[in-house]
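If you want the building blocks of each chain, they are given just below.
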There are 4 protein chains.
Amino acid sequence: MGSLGAAGKMRRADRLGRLLYTLISERGEATGATLARRAVALYGGLDETGRLRFFDILAREFSPDRDAVLAAANAYHADPSAAHLAALQRVAEPPRQEVFRRMNMAPGGTAALVQLRRDLVDAIHAHPELAAVDHDLTHLLSSWFNRGFLELKRIDWSTPASVLEKLIEYEAVHEIRGFPDLKRRLERDRRCFAFFHPALPGEPLIFVEVAFVNELPSEVAPILALDGAVGDPRKARCAVFYSITSCQAGLKGISFGNFLIKQVAEDLHAELPNLKTFATLSPVPGLRRWAQQRLGDRVPSERSQLESLAAWYLTREWREGHALDPVARFHLGNGARLYRLNWLADVSPRGLRQSAGMMVNYLYRLDEVERNHEMYVRDQRVVASRELQRLAGESVLAQASVRRK
Amino acid sequence: MGSLGAAGKMRRADRLGRLLYTLISERGEATGATLARRAVALYGGLDETGRLRFFDILAREFSPDRDAVLAAANAYHADPSAAHLAALQRVAEPPRQEVFRRMNMAPGGTAALVQLRRDLVDAIHAHPELAAVDHDLTHLLSSWFNRGFLELKRIDWSTPASVLEKLIEYEAVHEIRGFPDLKRRLERDRRCFAFFHPALPGEPLIFVEVAFVNELPSEVAPILALDGAVGDPRKARCAVFYSITSCQAGLKGISFGNFLIKQVAEDLHAELPNLKTFATLSPVPGLRRWAQQRLGDRVPSERSQLESLAAWYLTREWREGHALDPVARFHLGNGARLYRLNWLADVSPRGLRQSAGMMVNYLYRLDEVERNHEMYVRDQRVVASRELQRLAGESVLAQASVRRK
Amino acid sequence: MGSLGAAGKMRRADRLGRLLYTLISERGEATGATLARRAVALYGGLDETGRLRFFDILAREFSPDRDAVLAAANAYHADPSAAHLAALQRVAEPPRQEVFRRMNMAPGGTAALVQLRRDLVDAIHAHPELAAVDHDLTHLLSSWFNRGFLELKRIDWSTPASVLEKLIEYEAVHEIRGFPDLKRRLERDRRCFAFFHPALPGEPLIFVEVAFVNELPSEVAPILALDGAVGDPRKARCAVFYSITSCQAGLKGISFGNFLIKQVAEDLHAELPNLKTFATLSPVPGLRRWAQQRLGDRVPSERSQLESLAAWYLTREWREGHALDPVARFHLGNGARLYRLNWLADVSPRGLRQSAGMMVNYLYRLDEVERNHEMYVRDQRVVASRELQRLAGESVLAQASVRRK
Amino acid sequence: MGSLGAAGKMRRADRLGRLLYTLISERGEATGATLARRAVALYGGLDETGRLRFFDILAREFSPDRDAVLAAANAYHADPSAAHLAALQRVAEPPRQEVFRRMNMAPGGTAALVQLRRDLVDAIHAHPELAAVDHDLTHLLSSWFNRGFLELKRIDWSTPASVLEKLIEYEAVHEIRGFPDLKRRLERDRRCFAFFHPALPGEPLIFVEVAFVNELPSEVAPILALDGAVGDPRKARCAVFYSITSCQAGLKGISFGNFLIKQVAEDLHAELPNLKTFATLSPVPGLRRWAQQRLGDRVPSERSQLESLAAWYLTREWREGHALDPVARFHLGNGARLYRLNWLADVSPRGLRQSAGMMVNYLYRLDEVERNHEMYVRDQRVVASRELQRLAGESVLAQASVRRK
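About the cut-offs
- Residues numbered from 1 in each chain as written.
- Chains lettered and ligands numbered in written order.
- Predicted model: local features only at pLDDT ≥ 70, side-chain atom pairs only at ≥ 80, totals over all residues.
- Heavy atoms only, no water.
- Helix = DSSP H or I, 4+ residues; strand = E, 2+ residues; numbered from the N terminus.
- Buried < 20%, exposed > 50% of the residue type's maximum accessible area, 1.4 Å probe, protein only.
- Areas by Shrake-Rupley, 256 points an atom, 1.4 Å probe, with all protein chains shown as cover.
- Contact = heavy atoms within 4.5 Å.
- Buried area = accessible area lost by both parts, 1.4 Å probe.
- Salt bridge = Lys/Arg side-chain N within 4 Å of Asp/Glu carboxyl O.
- Polar contact = N/O pair within 3.5 Å; in protein donor to acceptor, adjacent residues only side chain to side chain.
- Nonpolar A, V, L, I, M, F, W, Y, C, P; charged D, E, K, R; others polar.
- Least-squares fit on C-alpha atoms with pLDDT ≥ 70 in both.
- pLDDT = per-residue confidence, 0-100.
- Patch = residues over 30% accessible without salt bridge, like charges linked within 9 Å, V, L, I, M, F, W, Y side chains within 5 Å.
- Pairing = 2+ DSSP bridges.
- Phe/Tyr/Trp six-rings, centres within 6.5 Å; stacked < 30°, edge-to-face > 60°.
- Lys NZ or Arg CZ within 6 Å of the ring centre and 35° of its normal.
- Axes fitted to C-alpha atoms, helices over the stretch in contact; angles between N-to-C directions.
- Parallel < 35°, antiparallel > 145°, perpendicular 65-115°, else oblique.
- Left-handed = near helix turned anticlockwise from the far one by under 90°.

> Talk me through the overall build of chain A; I want residue IDs and the actual numbers.
Within chain A one finds 20 helices and 10 strands. Projected onto its principal axes, the C-alpha coordinates of chain A cover approximately 65 × 60 × 45 Å. Buried residues in chain A amount to 55% of all 405 residues. Summed over all atoms, the accessible surface of chain A reaches about 17800 Å², with 50% contributed by carbon and sulfur.

Below, the structure written as structure tokens:
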């Protein structure tokens, strides 16, 4: 694809744009696979400039016609018949959705679209006008990556090396330092599960790492230690979800974690009845930054004060109807219970920098997740242990808030 | 589920209706899989009356709000921003689409929805007001059963009996009379391919049967004969698609045949370079009925006259932009060429009753399907052999049409 | 391989014979696979006359050298050193064993040798001098088909049709009348298991059919009925082995049944703890013939007399250290307990002709098979229920034997 | 199995010894699997002392009875009938062979026997009297690991990590330094194949590494370089077997390499017709040691002299009918042609220490291996290139030998 000048790259993007019209025409139906292949190949040959041009074409030329939309909306308003509704949907659906559906027909089409979304997400920061394109592609991918189409697979040492290599590459919480490190995480006192999609074989979408231990852990180092003794899973009482990683930047915003954790908890519960506790050992990644913004120089460094502050942060700080901390938001939204703060639980550079060294156990009790979730969503209340609530009440911010009243 | 009275059955449908509201709420997101399972189970327990009630709820309560649609359309018309477009799509998409997406999350959810669509198609004859629900479900299934997600599999004698049994059950063109009959159709001078979807394992969506022969066949009996000698596929010059069957009533209207035939032709071409001709041996199922409606008592019974009539029917009779004969419509729409009429090619009761015993060869030349398709779609012209055109010109209808001028 | 005259066929057998010398030479080691392929192909092209000639060559030319054997035996007798023992084994092992081992290296070699054994078994009746060849091949096959190399596989409706077809063909106890009949035998209240060998993929060696029922059955018709209701395996109390068939004539005399029944009983016991009884419903195939030989015209036809006679036959009639009845010999040798006689249990033509309509339940109690087996082998005593013993004691033969004393 | 004293360990070995008598009795036939399991477990619990005791029991108590052997030999000598031959084989076969066959019936039995052989090989140096036991076990394993039972599998980056880890561990020629190193050896311009046995799943028996290059390589470093550009296999003209490793110490002396190389060469030839040359790049591991023994202080260090010496060593030095160098013995015995000496081809510490830095290309021409092999075996002549022959003729030893005449 070598050395095209800038103009040549633009021409290629334009050629792809024109191809799309044929692709979504009736003619495209008959020769769909061939045209789709061509479109996917053309896209793959674009550089950043070409991709921007192409996204721009998608945004400008493949949006719904506003006159047609208004006419259909008026007709549907006057008479909400099936025919009027069908007509409305036909004109209200952006034609680029059909573009994406046709491109998906090419061999490797799904992977190409996930990559396209990734490029789009990268581009959108500087080009917010592409949000509409992203909205459409996300809508489609979200439908295609519906839970019903995902396969839960156990990852172990007999998994193909090509898949294991990807886990090493993707792991976002506690870095995996090569195959020997990963091997320890796949011993019989550990488990790893991932979701896969049939159209992306060998490509994990999300994975969770579990450790079987005797009691709820208060620090992460023993779990990550390469030389720790391998325990007996049939004797463990506690399953700790100590790492959960979304793998595909191109599927950002499409949530699988909720399903993954619950499915894994259910399956482990059935397989190992000795397991009584399902919990996480999670970072509090927004703590340090929030504290600095909120308190500036007044950030306490003493343990008890810092714990109170963290408790307050986790239970009382909300933004747009969600807990402020992203990890808290995920687990509380899943219906987990905020259970315990662990001081000096992660003293890695990242752990100290983001979470002030603290980690949290979120508890998954399968019989209360529905209730907890509802409290979180409807009442915007965090279900937390008494200890956590007590700590939050002792924070300087609590006192300030009392004083203000 | 036993002996509920009519009222009880209605109550169950209503209960399912109420469950759907929770299912598509944010709460449903956290507890999605559980609720989806419940919804699928409740639906499975409905009888025909209950299903009708449920479809009615879907039609009435889960359609877009017409005021909201009009407001969003006006906003988009005034300012076609990404935000306005997103808002429009949010209100214009019928909420039942989200219902179906959530139900799909249950184990067996996809199969349940395909069954639901089947029930819906059955119901729609008597209840045309359900068309809008069908439109939505079809839209979704069409997206989910995108070619990119289908797996082409060869069916042979080492295929699981449970799958072979389904082919026997589904075969719609030339009845398969038990396993020995099927076995003959899977010998090495025959091939069978089917599309499968990963969420419906072991369930063929469509399958095609191919025979390798030395020359284009003019009758079907030798192909179906149980005791015919088994030929050498490496010496055959012609691959005949002699049967193609769509299996899933619940996927009616979602077309796979086009992809299947072309993919199989391409694959066979690569595997067996000796194959020079790819063609069908197809019925003309609408011929007899059309002739009777058109000519009444004047239907000729003589061979040459009947052939002329069939040629006319296949090349000149259109309805709403498509060839009138359903099989012709399929192959011509795929870009095939109408090649030869075969007199007394299928003398089975069905063959005589529907097609007056005639069969047609449609030719698939991979390098002309695109051009042929375009002629068919754009110019509404059938690409046919000279012989066929000559025959059509000699029919009584041609003469009548000349006379009329 | 067409139309060779008798002389030509002989020449081919001789050619194969000469090839064997190369095959087992050191040169054969380097070019083993090629020569082996040639030998297997040559053998496959022989007709019955050619095979006999070839077997004759194997018998005459590939036996141990008697002088060498005697010399080695003398040396070993004088000094039983490792070297002398190795030398003895080298000369005492018939060279045709190496022939077979080399032939096995060809693709499909194992299948070819199993076929060769089958041909040999057929030939041996008329040519008892081939017994030595058969002895060697059996020795080798017996080692290769060691239990440790067999795979137990469940057969169900998702098994490839090509395998199911073989079960239908091989079934030797209760004829399977086509796929629908077999399907009933694979429903969830039935089980079927088979042993396979990795070198004979898709080729069952032996299979057993099991029915889950509520109580020990006294007739076979309800089990074989096509239209019987399908029961719930989790509620059944009794697993009945109602048919066991050895499939490979070429493996005659190499016993797998013992392992199969015990493995299946163990596995079912673990899977379905509700199962309390593991038993057979077996024919008494030698009964009728034996009774006629023994009693001639005096064979009773009354039920009680016939039952006594059968009881006597099963418990007291021995030949060369084994129970006379072949089925009894198999199950008693496995350590089963003779439990119950069932009058009119199999009224099929074969059931009446061979077993006088009677069937027997042999009980497999996993904790007593070792003890029972020892009694059978060491003490030549049949472990039978009291009822059976009482019946045997009442037979005319018992009275005759008393009278004789 | 803890802290048994020496006496306790002996008792366990003795217990195992007694168990064997039951195991090979007729009773053992009925309860085979159970007893076999017990024997395998007992063996696994022995320490070195216990194992020695056990091997000693096998050697003393499970050898053929010399009187019985002599009697049977006499009978066979007098009348070589089938019955006499069968009797001879029965008494001449050491009963420990049946012991091993029975132990193989336990789950994991084959793996246990391969381990037992490994222990035996270790013990035999200090206890040569165990050679007879080893002879028997080798005979059996050699029959069980017959080429016909082996599966050739391609190893690539999608192979389970547990298997790849074993390659890293076993590699004996050019050390694999972890997964990234192995990954480079599995790119598309490389190939790796291994033999597996169905009873040892996931356990490679032998593997070969192949590099696709444009011309016959004269040094190994570029092949092993981690950062070398990845070539296009469809353009390569030469397949180089640059490493071949036998993995199982317990299968020592049972040769698979011959089959492996030829099979791989055949398969690659069929897949990639561009490949014209199949050759090795092999060490000369005995060169340095031989030269020192032969020439002492007079070993030349100059290139031309050393090359002549190596050529002489490879072509003229024989021991007991075989080339002296073990690698030469292997490839020449396979029918390869000695093609080229490569000076400074392997400058790794081992390469310098064993092979004086030299490597050799052996050529595998499929159409001449049979002829070459025969020359090697029958005429004890090495098929070598003219250049090699010339070099050998120029060596000091050639001159010495001339002088001697």
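The rest of the description comes next.
> Can you tell me about helix 7 (residues 95–103) of chain A, naming the residues and giving the values?
By the criterion of burial, helix 7 of chain A is predominantly enclosed, with 7 of the 9 residues buried. What helix 7 of chain A keeps buried is the set A:Arg96, A:Gln97, A:Val99, A:Phe100, A:Arg101, A:Arg102 and A:Met103.

> How would you explain the interface of chain D and chain C if you had to name every residue and give the values?
Facing 58 residues of chain D, the contacting portion of chain C comprises 58 residues. Across the chain D/chain C interface, buried area totals approximately 5000 Å², and carbon plus sulfur atoms make up 59% of it. Looking at the side of chain D facing chain C, the largest losses of area belong to D:Arg66, D:His77 and D:Phe149, adding up to 12% of the total buried there. Across the chain D-chain C interface, the total number found is 0 salt bridges. At the boundary of chain D and chain C, one finds 16 residue pairs in polar contact (both at pLDDT 80 or more). When residues of the side of chain D that touches chain C are traced back to their parent elements, those giving at least two are helix 2 (26–30), helix 3 (32–44), helix 5 (66–78), helix 6 (82–92), helix 7 (95–103), helix 9 (131–144), helix 13 (257–271) and helix 18 (369–378) of chain D. Among the elements that make up the side of chain D that touches chain C, the one with the highest residue count is helix 5 of chain D (9 residues). Taken together, the residues of the side of chain D that touches chain C break down into 25 nonpolar, 18 polar and 15 charged.

> Can you break down the relation of the copies chain B and chain A residue by residue, with the values?
Rotating chain B by 180° and translating it 0.0 Å along the rotation axis places it on chain A, where the RMSD comes to 0.0 Å. On this basis, the relationship between the two copies can be described by a two-fold rotation axis. The share of interface residues of chain B whose copies in chain A are also at the interface is 100%, consistent with both copies meeting through the same surface.

> Give a description of the interface of chain B and chain A that names residues and reports values.
Between chain B and chain A, the residue contacts involve 56 residues of the former and 56 residues of the latter. For the pair chain B and chain A, the summed buried surface comes to about 5000 Å²; carbon and sulfur atoms form 59% of the total. Of all residues in chain B, B:Arg66, B:His77 and B:Phe149 bury the most surface against chain A, accounting for 12% of the area lost on that side. Summed over the shared surface of chain B and chain A, the result is 0 salt bridges. For the pair chain B and chain A, the number of links is 16 residue pairs in polar contact (both at pLDDT 80 or more). It is helix 5 (residues 66–78) of chain B that provides the largest number of residues to the side of chain B that touches chain A, a total of 9 residues. Of the residues belonging to the side of chain B that touches chain A, the class tally is 25 nonpolar, 18 polar and 13 charged.

> Got a sec to walk through the arrangement of the chains? Specific residues and values, please.
A gap remains between chain A and chain C, with no contact made and the closest C-alpha atoms lying 15 Å from each other. No part of chain B reaches chain D; the closest C-alpha pair between them is 15 Å apart.

> Let's hear about the confidence of the model for chain A: which residues, and what values?
Put simply, chain A has an average pLDDT of 92, and 97% of its residues get 70 or more. Predicted complex metrics record ipTM = 0.92 and pTM = 0.93.

> Could you give an account of the relation of the copies chain D and chain C, naming the residues involved and the relevant values?
Of the two same-sequence chains, chain D is brought onto chain C (RMSD 0.0 Å, axial shift 0.0 Å) by a rotation of 180°. Interface overlap between copies is the fraction of interface residues in one copy that are interface residues in the other; for chain D against chain C it reaches 100%, indicating a shared surface.

> Please provide a residue-by-residue account of the side chain of A:Asp119, values included.
Residues and elements named next belong to chain A. Along the chain, the position of Asp119 falls in helix 8 (residues 109–124). What makes Asp119 buried here is its relative accessible area of 11%. For Asp119, the residues in contact, after removing those within four places along its chain, are Tyr43, Arg51 and Phe55.

> Can you break down a nonpolar patch on the surface residue by residue, with the values?
Taken together, A:Leu344, A:Val347 and A:Leu352 make up a surface patch of nonpolar side chains, about 260 Å² in accessible area. Looking at the secondary structure, you find A:Leu352 in helix 17 (residues 349–355).

> Any chance you could break down the pairing of strand 3 (residues 206–213) of chain C for me, citing the residues and the numbers?
Residues and elements named next belong to chain C. Counting buried residues in strand 3 gives 8 out of 8 residues, a clear majority hidden from the surface. Pairing analysis gives 6 bridges linking strand 2 (residues 190–196) to strand 3, with the strands arranged antiparallel. If you follow Arg191 over to strand 3, its bridge partner there is Val210. Where strand 3 lies against strand 4 (residues 238–246), 8 bridges are found, and the strand directions are antiparallel. Bridged to Phe212 within strand 4 is Ala239.

> Residues and numbers for the environment of A:Gly357, please.
Residues and elements named next belong to chain A. Turning to its location among the elements, Gly357 is positioned in the loop between helix 17 and strand 10 (359–363). Residue classification places Gly357 among the buried residues on the basis of a relative accessible area of 0%. Taking the C-alpha atoms as reference, Gly357 lies 5.9 Å from Ala345; in sequence the two are 12 residues apart. Not counting residues within four places of it along the chain, the set of residues in contact with Gly357 comprises Asn342, Trp343, Leu344, Ala345, Asp346, Gly351 and Leu352.

> Which residues make up the pattern of salt bridges, and what values do they have?
Side chains bearing opposite charge may pair, as long as their charged atoms lie close to each other. As enumerated under the stated definition, the model contains 108 salt bridges over all chains in all. The salt bridge involving A:Asp379 is made with A:Arg378; its shortest N-O contact spans 3.4 Å. On the accessibility criterion, A:Asp379 (36% relative accessible area) is partly exposed. Note that D:Arg191 and D:Glu271 form a salt bridge whose closest N and O atoms lie 3.0 Å from each other. Here D:Arg191 is found in strand 2 (residues 190–196), whereas its partner D:Glu271 is found in helix 13, with 80 residues between them in sequence. You can call D:Arg191 buried: its relative accessible area is 6%. One network of salt bridges, with partners in common, ties together A:Glu171, A:Arg177, A:Asp181, A:Arg185 and A:Glu209.

> How would you summarise the packing of aromatic side chains if you had to cite specific residues and measurements?
Given two aromatic rings, one states the distance between the centres and the angle between the planes to describe the pair. On inspection of all chains with the given rule, the structure shows 42 aromatic pairs over all chains. On the basis of an interplanar angle of 10° and a centroid distance of 3.9 Å, the ring pair of A:Phe179 and D:Phe179 is categorised as stacked. Residue A:Phe179 is located in helix 11 (residues 179–184), and its partner D:Phe179 is located in helix 11 (residues 179–184); the two belong to separate chains. A single burial state applies to A:Phe179 and to D:Phe179, both of which are buried. Relative to D:Phe55, the ring of D:Tyr43 lies with its centre 6.4 Å away and its plane at 35°, an arrangement referred to as tilted. Of this pair, D:Tyr43 sits in helix 3 while D:Phe55 is found in helix 4 (residues 48–61), placing the two residues 12 residues apart along the sequence. Accessibility expressed as a relative area gives 6% for D:Tyr43, which makes it buried. The cationic tip of B:Lys153 hangs over the ring face of B:Phe196; the distance from NZ or CZ to the ring centre is 5.0 Å.

> Residues and numbers for the environment of D:Glu271, please.
With relative accessibility at 45%, the residue D:Glu271 sits in the partly exposed group. For the pair formed by D:Glu271 and D:Gly257, sequence separation is 14 residues and the distance between their alpha carbons is 21 Å.

> Describe the packing of helix 7 of chain D against helix 9 of chain D, and please don't skip the residues or the numbers.
Residue and element names in this part refer to chain D. Where helix 7 contacts helix 9, the two axes come as close as 10 Å, and the packing angle between them is 50°. Judged by the angle between their axes, helix 7 and helix 9 are oblique. In the crossing of helix 7 with helix 9, the sense of the turn from one axis to the other is right-handed. Each of Arg96, Gln97, Phe100 and Arg101 in helix 7 lies in contact with helix 9, whose residues at this interface are Ala132, Val133, Asp136, Leu137, His139, Leu140 and Trp144. Looking at the contact of helix 7 with helix 9 residue by residue, the class counts come to 6 nonpolar, 2 polar and 3 charged.

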